Amino acid sequence: DDNEEEEEKEEHDKKLSEDKRELSPKRREEIEAIQRAIDEENARIYSARSKPTTAKSAVTQSERHSVDRSRTHGKIIDFVSAKQREVSQKVAKKQKKRSEELLRLIDLDFSITFSLLELPPVNEYDMYIKNFGAANTKQAYVQCNEDNTDRDIQTEEVNTTDKWTQHPPEANAACGGIVADESTSRINTNSQRLTTFLRSAAQVMAVLIEENMAESNSVKRLRSQTDALSFSDGCIQLNTKLPFLHGRQVSLLQFSQVQRQTLLSVHPPSSKSSAVRLDSETIICVWNIWEPSRPQKILLYESEVRCCCFSPGKVTLVFAGTEIGSVVVWDLREHSGTHLNLVVGKEVWTLRYPTFSTGQSVLTASAPKFKIIFLFSVKLKSYFYAHLLYLSPFYNAVPALVGLRPGGKVKLLHSSSLQTTEKSPQDVIMGFGPPVSLQLKFLPSDSNHYFIGTNMGLVRHGTRHSLKVLPKFYRSQFDSCRPVEVTALDFSPSGEPLFLVGCSDGTVRLHSVQREDPLMEWSGCSSGASILSVQWSQTRPAVFCVLDAASDLHIWDLTVKDYVPFVTENIHNDRVTAMAVFGEPAKQNTFSGVALAKQSGKVEIQYFKESLTVPNACDTEKLKSFLHNAFLI
């Protein structure tokens, strides 16, 4: 701004000098007079501003000074604007200084970077081609030993055709042409159903083959009428003449409650030596009575087995209680390759040792801590889960559950235990002591209720959750408390609340679950011999079988005679050591009978006659009459 003012001043003075030269002397004097007046006026104004107390003189001086300056310079300087510009410049300097200080504290963020252009370096070959590639050049290669070439030579052409195959087939055929047509109708194959069908079909085929073999061989007939008893419609004899069963008796027989044709036979250790060195071990055979020529599975254990049973669902597990107090389980689904194979003659037998055993902590003891007396399995919702209940009179707990065989998938877990014996004052007075538990059964309609046979002729009633139940005991009608062992218990499979009790003095009692005294009591049927087993018929509610220690088999039909047995068979030439009743309740056919184990080691399957197999209306009426008369007394 100051430079512009200087330039304007110079131009103004130059213009005035030119005007002066052009004007006349008179005109020039007038102009000079006006300039002097203006300078005086400016002088007065300047003096008035500098000295405010003398206003008049100041105005005069500023006016004079202004006139003089106008005369001299020809322009007025505005000091107010200059002052404002000075203040503005100071403010701008402060702002600029502040911004510079802040810029030193603030840095820009360069976290995101990217390349606008990335050009790799050119190698020598690319540079050469770029410069000389189009200059009439030609690339060529040279190889030595050109005659070293490989050629496939075949004198005769072989005609080949592509075929496809698949097993199991998913279409209408198992094989076909080059490519399977997509429009071919496909069928849905359920592998589980297919496996079930193949197993059942293989079982039927095996039964048919055995029947054909029996018919072709007159010595081994499938049903021999010479061995049939008076109540039997024929019998089958299981082939126990195997090398590893030679000289062994049968101590226990047990049928599956689901697959009624599947049977367990327990062969205890033998004192006689045999060609197969398994004399010190217990052998359990799994039979299908429709295939009597050989057992389906062979189970081994190093101690004597006192009791055994199948799993409550499908026949996949076998449980056993042993003399040394261990509980063992076999998983029948395991592959035979994981077990020991025994070659006897030309046959190969698979010997299966337990999948799981609780005896690992007991085997190291100097003496057995307890004995397993009875086993019972209870189905819970699904066959994959089951409660295994056992009775032990000498020990209240289960040892550590360690003993799973490598590769095994089944293990027993100890869930709970309960005290089943109570010492009453009457027992102390009579000097008998607390009763000893000998038998265990569960109510079929409610597995929470258990029934225990004792050595005092009593049957104790309790629940697994320690609930109070009535009646608490079931007694004999002749003597309420005497040293008589309860040797057998069995509930009616027809659904009636009835159960049978067999005692060591030869008495058999028929009890109702809701009544303490027996409905019926038979004392002279066995001539005082101890009762070994009592079992209901699976197809007729009013028929049951009784086996005593004298090898007499008694069959009762309450619709014909309710005071004596309907049939009594004295089997003394080859004594009977065990009995098991079988049958299919849903089918009214000849698939009903009893399995008898002989002292010689034979196992006979006796089929009942039609009169003892097919149920009638009199059976249920007879049982209801027993219950009705009991509540009237």
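My aim in this report is to walk through the structure given alongside it, one point at a time. The numbers attached to residues start from 1 for each chain and follow its sequence in the written order. It should be noted that, the model being predicted, local features are given only for residues of pLDDT at least 70 and side-chain atom pairs only at 80 or more, the latter also being counted only at that level, while totals for whole chains, interfaces and linings use all residues. Hydrogens and water molecules were not included; the side-chain quantities draw on all heavy atoms of the structure.

### Considering the sheet that holds strand 19 (residues 473-474)
Line of reasoning, step 1. Strands pair, by our definition, only if DSSP identifies at least two bridges between them. Going along the chain from the N terminus, every DSSP run of H or I of four or more residues is numbered as a helix, and every run of E of two or more is numbered as a strand. Spatial ordering of the open sheet is given by 16-17-18-19, a layout of four strands whose pairing is antiparallel. The sheet terminates laterally at strand 16 (437-443) and strand 19, the two strands that pair on one side only.
Line of reasoning, step 2. Relative to strand 17 (residues 446-454), strand 16 runs antiparallel, the two being bridged by six bridges. Bridging across to strand 17, Leu-440 finds its partner in Ile-452.

### Quick look at the nonpolar core
Line of reasoning, step 1. Remark: nonpolar core denotes a set of buried residues (Ala, Val, Leu, Ile, Met, Phe, Trp, Tyr, Cys) joined through side-chain atoms within 4.5 Å. Categorising residues by exposure relies on relative accessible area from a 1.4 Å probe, with only protein chains included: less than 20% of the type maximum marks a residue as buried, more than 50% marks it as exposed, and the intermediate range marks it as partly exposed. Counting residues in hydrophobic clusters, the biggest one holds 28 residues, and the most contacted among them are Phe-244, Leu-253, Leu-263, Ile-283, Ile-289 and Ile-605.
Line of reasoning, step 2. Contributions of two or more residues to this core are made by strand 4 (252-255), strand 6 (282-288), strand 7 (297-301), strand 12 (347-352), strand 28 (576-583), strand 29 (592-598) and strand 30 (603-608).
Line of reasoning, step 3. Among the nonpolar cores identified, the runner-up in size contains 19 residues, and Leu-498, Cys-525, Phe-544 and Leu-623 belong to it.

### Quick notes on the side chain of Glu-604
Line of reasoning, step 1. Along the polypeptide, Glu-604 turns up in strand 30.
Line of reasoning, step 2. Judged by relative accessible area, Glu-604 falls into the buried class, the value being 7%.
Line of reasoning, step 3. A polar side-chain atom of Glu-604 sits 3.0 Å from a polar atom in the side chain of Gln-606. Two N or O atoms count as a polar contact when they lie within 3.5 Å, although within protein this holds only if one can serve as hydrogen donor and the other as acceptor, and sequence-adjacent residues are included solely when both atoms are side-chain atoms.

### Quick word on unusual backbone geometry
Line of reasoning, step 1. The omega torsion of the bond from Leu-470 to Pro-471 falls at -5°, within 30 degrees of zero and hence cis.
Line of reasoning, step 2. Positionally, Pro-471 belongs in the loop between strand 18 (459-463) and strand 19.
Line of reasoning, step 3. A positive phi angle is found at Ser-551, which is not glycine, with a value near 65°.
Line of reasoning, step 4. In this fold, Ser-551 is placed in the loop between strand 25 (543-548) and strand 26 (552-557).

### A closer look at the sheet that holds strand 27 (residues 567-570)
Line of reasoning, step 1. Strand order in the open sheet formed by four strands is 24-25-26-27, and the pairing between neighbours is antiparallel. The open sheet has two edge strands, strand 24 (531-536) and strand 27, and neither has a second partner. For this sheet, the mean inter-axis angle between neighbouring strands, taken without regard to orientation, is 15°.
Line of reasoning, step 2. Pairing of strand 25 with strand 26, which is carried by five bridges, proceeds in the antiparallel orientation. Among the inter-strand pairings, Cys-545 is bridged to a residue of strand 26, identified as Ile-555. Axis angles are defined between N-to-C directions and span 0 to 180 degrees, where every axis is a line fitted to C-alpha atoms and, for a helix, only to the segment in contact.

### A short note on the side chain of Asp-557
Line of reasoning, step 1. Residue placement: Asp-557 occurs in strand 26.
Line of reasoning, step 2. Separated by 2.6 Å, the side chains of Asp-557 and Thr-559 make a polar contact.
Line of reasoning, step 3. In contact with Asp-557, not counting residues within four places along its chain, are Arg-540, Ala-542, Val-543, Phe-566 and Leu-612. Whether two residues touch is decided by their heavy atoms; if any such pair falls within 4.5 Å, the residues are in contact.

### Details of a positive patch on the surface
Line of reasoning, step 1. Like-charged residues within 9 Å of one another, or nonpolar side chains (Val, Leu, Ile, Met, Phe, Trp, Tyr) within 5 Å, are grouped into patches, provided each residue has over 30% relative accessible area and no salt bridge. Using a 1.4 Å probe, accessible areas were evaluated by the Shrake-Rupley method; residue-level cover was limited to the displayed protein chains. A pairing counts as a salt bridge when a side-chain nitrogen of Lys or Arg comes within 4 Å of a carboxyl oxygen of Asp or Glu. In this charge count, Lys and Arg are treated as positive and Asp and Glu as negative; neither His nor the chain ends contribute. Where a charge lies is defined by one atom per residue type: Lys uses NZ, Arg uses CZ, Asp uses CG and Glu uses CD. A cluster of basic residues, Lys-83, Lys-90, Lys-93 and Lys-94, forms a positive patch at the surface.
Line of reasoning, step 2. For Lys-90, the position within the fold is in helix 4 (residues 79-105).
Line of reasoning, step 3. Among the residues examined, Lys-90 registers a relative accessible area of 52% and is labelled exposed.

### Quick word on the environment of Thr-613
Line of reasoning, step 1. Considering the arrangement of structural elements, one finds Thr-613 in the loop between strand 30 and helix 8 (617-632).
Line of reasoning, step 2. Residues Thr-613 and Pro-585, spaced 28 residues apart in sequence, show a C-alpha to C-alpha distance of 9.5 Å.
Line of reasoning, step 3. A distance of 2.9 Å separates a polar side-chain atom of Thr-613 from the backbone oxygen of Lys-609.

### Some points on the pairing of strand 29
Regular strands place their side chains on alternate faces of the sheet.
Line of reasoning, step 1. In terms of burial, strand 29 is largely enclosed, as seven of its seven residues are buried.
Line of reasoning, step 2. Neither face of strand 29 is left uncovered, since the one carrying Ser-592, Val-594, Leu-596 and Lys-598 and the one carrying Gly-593, Ala-595 and Ala-597 both have all their residues buried.
Line of reasoning, step 3. Two strands pair when backbone bridges link them, and strand 28 and strand 29 are joined in this way by seven bridges, in the antiparallel orientation. Its bridge partner being in strand 29, Val-581 is matched across the sheet by Val-594.
Line of reasoning, step 4. Examined bridge by bridge, strand 29 and strand 30 share five bridges and lie antiparallel to one another. Bridged to Ala-597 within strand 30 is Val-603.
Line of reasoning, step 5. The hairpin turn running from strand 29 into strand 30, its antiparallel successor, is four residues long, and Gly-601 in that turn takes a positive phi close to 100°.

### Points about the environment of Cys-525
Line of reasoning, step 1. Structurally, Cys-525 can be placed in the loop between strand 23 (520-522) and strand 24.
Line of reasoning, step 2. Take Cys-525: its relative accessible area is 15%, and that puts it in the buried class.
Line of reasoning, step 3. Residues Cys-525 and Pro-565 lie 40 residues apart in sequence; the distance between their C-alpha atoms is 7.2 Å.

### Focus: the pattern of salt bridges
Line of reasoning, step 1. Within the structure shown, the criterion is met by 11 salt bridges.
Line of reasoning, step 2. Notably, a salt bridge pairs Arg-44 with Glu-41, separated by 2.1 Å at the nearest N-O pair. On the criterion of helical spacing, the pair formed by Arg-44 and Glu-41 is a turn pair, its members being three residues apart in helix 2 (residues 25-50).
Line of reasoning, step 3. Measuring nitrogen to oxygen at the nearest pair gives 3.3 Å for the salt bridge that ties Lys-598 to Glu-604.
Line of reasoning, step 4. Look at the salt bridges and you will find they share partners, linking Arg-540, Asp-557 and Asp-619 into a network.

### Regarding the packing of aromatic side chains
Line of reasoning, step 1. Between rings of Phe, Tyr and Trp, where Trp is taken as its six-membered ring, a pair exists when centres lie within 6.5 Å; planes separated by under 30 degrees are stacked, by over 60 edge-to-face, and by other angles tilted. The final tally for this structure, using the stated rule, is 14 aromatic pairs.
Line of reasoning, step 2. Ring geometry for Phe-451 against Phe-499: centres 5.5 Å apart, planes inclined by 45°, an arrangement best described as tilted. With Phe-451 in strand 17 and Phe-499 in strand 21 (residues 498-503), the pair connects residues that are 48 residues apart, well separated along the chain.
Line of reasoning, step 3. Where Trp-522 meets Phe-544, the ring centres are 5.9 Å apart and the plane angle is 45°; that geometry is what we call tilted. On the criterion of sequence distance, the pair formed by Trp-522 in strand 23 and Phe-544 in strand 25 is long-range, its members being 22 residues apart. Comparing Trp-522 with Phe-544 shows no difference in burial state: the two are buried.
Line of reasoning, step 4. In our convention, an over-ring charge means Lys NZ or Arg CZ found within 6 Å of a ring centre and within 35 degrees of that ring's normal. The ring of Trp-349 carries the charged tip of Arg-294 above its face, separated from the ring centre by 4.1 Å.

Purely spatial values, then, with no claim about function.
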